[in-house]
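A closer look at the structure
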Protein chains: 2
Amino acid sequence: MAGKMTTIDGNTAATHVAYAFSEVAAIYPITPSSNMGELADAWAAQGRQNILDRTVSVVEMQSEAGAAGAVHGSLSAGALTTTFTASQGLLLMIPNMHKIAGEMLPAVFHVSARSLATQSLSIFGDHSDVMSCRNTGFAMLASASVQEVLDLATVAHLTTLQSDIPFLHFFDGFRTSHEVQKVEIIDYDTLKGLFDFEQLARFRNRAMRPDKPIIKVGAQNPDVYFQGREASNRYYNALPGLVQETMDRLARITGRQYHLFDYVGAPDATKVVVVMGSGCETVEETVNYLCKRGEKVGAVKVRLYRPFAADRFVDALPQTVEKVAVLDRTKEPGSQGEPLYLDIRAALADRDVRVIGGRYGLSSKEFTPSMVNAVFRHLDQSGFHGFTVGINDDVTNLSLSVDELIDTEDPEVVRCMFWGLGSDGTVGANKDSIKLIGDNTDMYAQGYFVYDSKKSGGITISHLRFGKKPIASPYLISTADFVACHNPAYIGRYDMISCLKPDGVFLLNSEWSNDEVFARLTSDMQELIIERNIRFYNINALDISMRAGLGQRINTVMQTAFFKISGVLPEEQAIKLIKDSLKKRFITKGEDIVKQNWECVDATAAALQEVKAPGSLSEAKGSYQPKALIAEDASDFARNVILPVMHQQGDSIPVSKMSYDGILPTATSALEKRGIAPRVPQWQPDNCIQCNICSMSCPHGVIRAKQIAPDDLESAPDGFHTIKSGTKNERDLRYRIQVYCEDCTG
Amino acid sequence: MAGKMTTIDGNTAATHVAYAFSEVAAIYPITPSSNMGELADAWAAQGRQNILDRTVSVVEMQSEAGAAGAVHGSLSAGALTTTFTASQGLLLMIPNMHKIAGEMLPAVFHVSARSLATQSLSIFGDHSDVMSCRNTGFAMLASASVQEVLDLATVAHLTTLQSDIPFLHFFDGFRTSHEVQKVEIIDYDTLKGLFDFEQLARFRNRAMRPDKPIIKVGAQNPDVYFQGREASNRYYNALPGLVQETMDRLARITGRQYHLFDYVGAPDATKVVVVMGSGCETVEETVNYLCKRGEKVGAVKVRLYRPFAADRFVDALPQTVEKVAVLDRTKEPGSQGEPLYLDIRAALADRDVRVIGGRYGLSSKEFTPSMVNAVFRHLDQSGFHGFTVGINDDVTNLSLSVDELIDTEDPEVVRCMFWGLGSDGTVGANKDSIKLIGDNTDMYAQGYFVYDSKKSGGITISHLRFGKKPIASPYLISTADFVACHNPAYIGRYDMISCLKPDGVFLLNSEWSNDEVFARLTSDMQELIIERNIRFYNINALDISMRAGLGQRINTVMQTAFFKISGVLPEEQAIKLIKDSLKKRFITKGEDIVKQNWECVDATAAALQEVKAPGSLSEAKGSYQPKALIAEDASDFARNVILPVMHQQGDSIPVSKMSYDGILPTATSALEKRGIAPRVPQWQPDNCIQCNICSMSCPHGVIRAKQIAPDDLESAPDGFHTIKSGTKNERDLRYRIQVYCEDCTG
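Residues numbered from 1 in each chain as written. Chains lettered and ligands numbered in written order. Predicted model: local features only at pLDDT ≥ 70, side-chain atom pairs only at ≥ 80, totals over all residues. Heavy atoms only, no water.

Another point: the confidence of the model for chain A. Per-residue confidence for chain A averages 95 on the pLDDT scale, and 100% of its residues sit at or above 70. Two summary scores accompany this predicted model of the complex, namely pTM at 0.95 and ipTM at 0.95. (pLDDT = per-residue confidence, 0-100.)

Take a look at the structure:
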């Protein structure tokens with residue numbers, strides 16, 4: 001079957017399958033799994049039918065503990081049931097998970113794996129939550145990409161019903177849950193064809209029903225509990241075989257063949273990396289790169305983590321392997337090694353293989369081919385066990401240095417980065433661009449979106465890839481063909497363009513004219529543009545969208561500009577796709593709105609002119625000198641931690657600068673002057689009636705009303721206007737509205 | 001220091017230390033840890049002072065999740081804080097435990113380790129709860145006996161403050177938490193001398209205080225979380241050394257030297273068992289037994305499980321070791337092996353040692369020297385990994401057969417068993433006997449109490465050991481010097497005396513005369529008494545205590561009888577001790593109550609006469625033929641599961657007879673006719689006014705009022721009395737109160 005190609009994120013993929021096979025979904029939202037529950041809820045509200053031609057009953061509980069309890073109850077009553085969660089939310093489900101598995105109830109929990117809160121909370125992705133469930137008796141199946149989420153979620157739902165063993169199906173939070181990918185979807189008719197209705201009947205027959213009373217959840221004493229606990233052994237023994245059979249069955253339909261452990265690389269490899277989750281794709285890409293260069297390397301991608309079928313792992317590994325590095329995306333302080341390492345170590349007890357383990361990617365820390373390469377180099381040197389990769393550990397010196405930077409990506413892939421402001425529409429427009437290209441051309445597309453924690457008004461960086469072949473590369477773009485900066489305040493604050501390839505494109509949104517804009521760049525940027533022959537475009541998006549009647553939303557302008565100059569699609573086709581899309585989105589609001597948007601597209605296409613860079617730096621009419629973001633006498637913490645974070649360079653902060661117990665100094669937000677507002681309020685003293693409502697209405701406390709004693713005004717600078725204070729006083733107080741421009745979010 | 005010897009259980013020992021070192025205890029009761037919270041609460045109510053001369057603030061929360069949250073908050077505020085829990089209660093604490101460890105807050109959680117509810121709930125002991133916490137970042141310290149609970153709880157509280165790493169201090173639920181032992185207690189002055197007040201000041205200084213504001217519990221993003229997570233490495237690296245230093249410091253005071261891993265056995269052992277918790281004592285006893293017979297065996301007792309100091313484990317193991325069996329008291333379905341196995345497997349990766357793992361003792365399943373011997377025999381044969389010991393697994397055939405029964409106990413130890421009825425006072429009297437002997441003589445004493453789940457009216461079996469040397473043997477008595485049966489209904493139902501040694505003593509409480517009592521025994525019992533020359537005593541305890549004015553409480557009689565004939569102490573000394581104890585207990589209630597009890601003691605001593613058994617079975621004047629407990633046509637479940645459980649032989653039920661998912665048939669309690677009441681109510685038709693209050697007042701529904709149609713009475717047996725029904729009716733209905741004697745609990 002060639003299924004329909006569609007462009008979705010991992011959470012949508014998981015929900016597509018979960019909805020198909022469920023009658024009940026008991027949910028409680030937690031980032032990054034919330035969308036799964038939200039989607040299921042929305043589809044149910046729309047009356048979407050599952051493969052049993054019923055609408056799923058979606059129940060939101062008071063917490064994840066309640067959701068797990070509801071799942072347990074629903075399963076006991078014989079309803080196909082699912083849930084979605086992550087992190088500490090998953091931890092709240094653990095007590096019920098032991099019961100669900102103990103009672104051999106088929107279910108699938110879809111988990112967008114996320115860090116546990118420890119020294120600090122973090123909403124980002126790693127395996128510390130799912131690894132906390134490895135002793136619950138749940139089967140654990142890991143997906144490495146959005147396509148795998150679709151495929152392995154299907155395997156999980158089909159196998160749980162056959163095996164009576166519940167599944168925890170997981171994939172990396174954000175990296176896979178929120179990555180947008182073009183994938184082949186499996187439609188509900190096909191899923192229904194795979195479903196075993198006899199097993200469903202068997203499940204219903206085991207349920208608690210008034211017409212066939214049973215006793216459950218009894219108490220067992222020392223005389224019989226142990227025997228009861230061993231009675232499930234043969235079910236666990238059978239499970240790996242059942243999972244493989246289901247994988248084979250699915251492969252016959254989709255052509256995508258999975259195994260419990262998939263080996264990739266040289267058939268005669270001597271060095272192998274073992275990994276699970278999205279890291280698989282990065283490792284595979286690197287292994288292919290190194291193999292092409294003649295290295296004898298390989299990788300094992302772990303799909304079924306529990307039950308751990310050691311024999312199948314050993315079978316998957318070439319006989320030639322001498323050294324194995326096991327990469328765990330979790331940290332268990334006080335352990336000899338992380339969980340996957342311990343398992344591989346035990347599985348290879350009888351083979352003469354050196355096994356070491358290391359940590360990577362905690363809390364969505366970047367994991368790149370260069371890091372994988374560093375791990376292979378570490379194996380070359382028979383390096384130590386217990387390393388880390390991706391950070392600079394200058395305290396316990398466990399980190400590998402990643403000196404050799406390699407680019408393993410397909411050179412045909414077009415890579416684009418967009419620096420936007422939270423809620424300026426950049427991310428939404430980019431998601432739309434990916435869908436446009438993914439759904440309307442035969443090209444593949446991938447999108448990943450980085451946010452800071454300020455949400456609206458924070459920074460967003462969109463990483464988009466487009467290519468003729470499927471795109472793996474689950475890591476940020478480090479070498480770009482196209483960079484767009486949607487906010488001129490970012491100039492001099494963030495290093496945006498040093499990743500650009502020679503002849504790449506840089507698109508800037510600013511209110512500066514094309515004549516003056518080059519001089520508004522820092523000299524570093526100017527030098528780079530000249531040296532690499534960057535094609536530099538400048539556009540006043542705000543002006544165009546205002547004139548088209550679209551207000552401050554600059555996304556249509558910027559999207560059009562991107563399509564026009566990025567070269568991802570031929571310009572004519574691109575403009576047509578955008579216009580079609582705008583029509584589809586706005587037709588319900590009226591023909592005139594569509595027309596406004598189309599005009600905006602045309603105006604952008606017309607306005608976009610390349611900025612001519614001077615031939616050399618000396619010809620530039622000046623450059624922008626960024627102000628230091630923090631005072632010279634700032635504290636160590638401000639200089640070593642806050643400052644790099646403000647420059648989006650937190651990755652470079654070494655371990656020694658971090659608090660060991662999560663304790664931080666107070667009042668540091670005062671240090672961060674972001675200056676992100678394209679327009680700020682201006683006080684009109686002549687019109688002011690001193691009502692102070694402007695001050696009350698600013699949610700950021702940026703507009704402040706002040707009364708000032710005349711003495712204090714003596715050394716006031718020129719232009720520091722004040723008016724007579726209208727409050728009753730005998731001190732001749734003056735009055736002023738002061739706007740703190742650098743804190744304003746516009 | 002020779003500390004004061006006292007006779008307490010493990011929970012009291014843990015609370016003694018926890019109370020000393022805590023300012024706050026946030027609790028929520030769960031078996032078998034409830035007593036710890038209760039004791040702390042009672043001591044606080046009594047105004048007992050900790051080593052800081054303050055009363056501990058004990059706060060009961062709404063659940064264990066709340067208790068953990070309160071601990072977290074209290075620690076954040078800089079108060080020394082503890083809690084007590086087990087099983088699913090501990091699971092509810094996991095989310096907070098990650099935070100407490102992540103924030104490097106010193107604390108000790110005392111856990112009486114208990115099974116997790118899976119296919120069934122169980123309140124009994126194993127390590128499945130604590131093993132679920134091995135990734136929380138808590139240090140984990142295991143105590144194997146009541147004395148170790150005192151010592152290692154002290155180590156935990158002292159080291160946590162030095163290291164900033166919280167401790168989970170655990171010991172086996174029931175086996176250690178409820179075992180009564182004579183131990184050397186460490187007084188609070190000594191504990192205070194060990195306490196480091198500088199570390200306390202450092203802890204207070206790290207706390208959240210209004211006068212020194214800090215930020216905690218922030219959010220970290222991918223840029224810095226990983227580095228922050230590695231910042232605690234050096235604290236974990238330092239911890240094993242700190243624990244050992246504290247153990248050494250304690251040893252200088254108590255003379256009891258512990259190590260992170262303690263090796264016992266032959267210095268040139270080739271086979272070694274690794275174990276943790278109370279099983280250590282059983283393994284050590286067996287190793288000593290086998291070594292005396294020239295075997296080259298040994299054992300490693302694991303004390304510090306997290307951080308797992310692999311180097312220290314390897315150092316502890318003799319170089320000569322070829323084969324290692326790791327015993328885990330937990331089961332993680334779907335794993336390759338249980339947690340301790342995986343750790344030892346990894347620790348020995350570089351040594352040419354064959355390592356296998358096995359499960360034992362789930363949910364307080366007995367773990368005896370014969371089973372340990374079976375493990376060594378399994379090692380002899382280079383047996384398979386993943387075995388179980390202690391059950392008959394006839395499905396997956398993983399269980400070792402325990403054919404060779406060995407007795408490793410000191411022959412000087414006097415071993416006594418008491419079969420009582422829940423709330424008949426037997427257990428209380430036995431605890432008193434242990435305290436009497438432990439606290440007033442130089443003898444050591446151990447008591448362990450087995451209950452079924454019927455509580456009041458159920459069966460209790462007390463296992464008491466007395467000896468000149470400290471007693472380990474944390475398993476039930478299988479070869480006894482003395483057996484008492486406090487309820488004649490047990491004859492023919494339970495196998496009570498086949499464990500008796502030749503010349504042992506059997507004491508029966510019954511209302512039969514000494515002349516007729518022998519004929520009331522089963523022929524099996526009669527034969528055994530004759531063959532082994534058992535000294536058989538019969539006493540009408542109810543009669544004696546009624547006559548002394550003590551009502552139905554037979555414990556004073558039975559305790560006196562035990563002391564008189566067991567030979568544990570010389571009779572005169574024993575009687576004096578009992579009388580002193582009775583005086584102490586009852587003097588507040590008046591001299592006459594004391595006198596009544598003393599009379600009861602004297603009457604018992606006078607009445608107790610040995611029953612002369614006939615020379616051979618053929619001379620017996622008949623014997624008791626027990627009725628089958630269930631009908632011949634009973635279901636398979638009734639025959640295979642209910643019946644052995646009713647005979648206290650549930651241990652013999654094989655895996656194949658157990659439900660794999662915990663589902664049981666309904667209405668099986670109707671099968672169990674216990675017949676335990678020494679006296680049952682009798683209906684007096686002549687006095688009956690048909691008010692039915694007797695029926696309403698029986699909590700077990702044993703007294704039932706019936707109206708009977710005359711036709712139905714036609715085939716009634718003789719003596720089936722009825723009276724005319726007083727209710728208005730035209731059918732000449734008859735009336736009767738029917739007592740269901742076999743269900744009556746007296």
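Time to look at the interface of chain A and chain B. Across the boundary between the two partners, chain A contributes 102 residues, which contact 102 residues of chain B. Here chain A and chain B share an interface that buries about 9000 Å² over both sides, 59% of which is from carbon and sulfur atoms. Broken down residue by residue, the surface that chain A buries against chain B is led by Phe226(A), Gln336(A) and Tyr660(A), which jointly contribute 9%. A salt bridge links Glu230(B) to Arg359(A), with the shortest nitrogen-to-oxygen separation between them at 2.8 Å. Our count for the contact surface shared by chain A and chain B stands at 60 residue pairs in polar contact (both at pLDDT 80 or more). Of all the secondary-structure elements, those providing two or more residues to the side of chain A that touches chain B are α4 (87–102), α5 (128–131), α9 (225–230), α10 (233–254), α13 (339–347), β14 (354–360) and β15 (387–389) of chain A. By residue number, the principal contributor to the side of chain A that touches chain B is α4(A), which donates eight residues. Tallied by class, the residues present in the side of chain A that touches chain B amount to 46 nonpolar, 33 polar and 23 charged. (Contact = heavy atoms within 4.5 Å. Buried area = accessible area lost by both parts, 1.4 Å probe. Salt bridge = Lys/Arg side-chain N within 4 Å of Asp/Glu carboxyl O. Polar contact = N/O pair within 3.5 Å; in protein donor to acceptor, adjacent residues only side chain to side chain. Helix = DSSP H or I, 4+ residues; strand = E, 2+ residues; numbered from the N terminus. Nonpolar A, V, L, I, M, F, W, Y, C, P; charged D, E, K, R; others polar.)

Residues and elements named next belong to chain A. Counted according to the given criterion, the structure contains 42 aromatic pairs over all chains. With centroids separated by 5.8 Å and ring planes inclined at 80 degrees, the aromatic side chains of Tyr-19 and Trp-43 adopt a geometry described as edge-to-face. Note that Tyr-19 is positioned in helix α1 (residues 10–20) and Trp-43 in helix α2 (residues 34–45), a separation of 24 residues in sequence. Judged by its relative accessible area of 2%, Tyr-19 is buried. For Trp-43, a relative accessible area of 10% puts it in the buried group. Among the aromatic residues, those joined into a ring-pair cluster are Phe-418, Phe-466, Phe-482, Phe-562 and Phe-563. When the ring centre of Tyr-289 is taken as origin, the NZ or CZ atom of Arg-293, which lies over that ring, is 3.6 Å away. The ring centre of Tyr-305 lies 4.4 Å from the NZ or CZ of Arg-306, which sits over that ring. (Phe/Tyr/Trp six-rings, centres within 6.5 Å; stacked < 30°, edge-to-face > 60°. Buried < 20%, exposed > 50% of the residue type's maximum accessible area, 1.4 Å probe, protein only. Lys NZ or Arg CZ within 6 Å of the ring centre and 35° of its normal.)

Note on the identical chains: chain A maps onto chain B by a rotation of 180 degrees and an axial translation of 0.0 Å, with an RMSD of 0.1 Å. As the rotation angle and translation indicate, the two copies are arranged about a two-fold axis. When C-alpha positions in chain A are compared against the rotation axis, the closest is assigned to Leu342(A), at 3.0 Å. Counting the interface residues of chain A, we find that 100% of their copies in chain B are interface residues as well, pointing to one common contact surface. (Least-squares fit on C-alpha atoms with pLDDT ≥ 70 in both.)

Right, let's talk about helix α6 (residues 146–163) of chain B for a bit. Every α-helical turn comprises 3.6 residues, leaving residues that sit three or four positions apart pointing alike. Across its 18 residues, α6(B) extends 25 Å between first and last C-alpha, which sits within 8% of the 26 Å expected from 1.5 Å per residue. At the exit of α6(B) stands Asp164(B), carrying a positive phi of roughly 65 degrees. (Expected span 1.5 Å × (residues − 1).)

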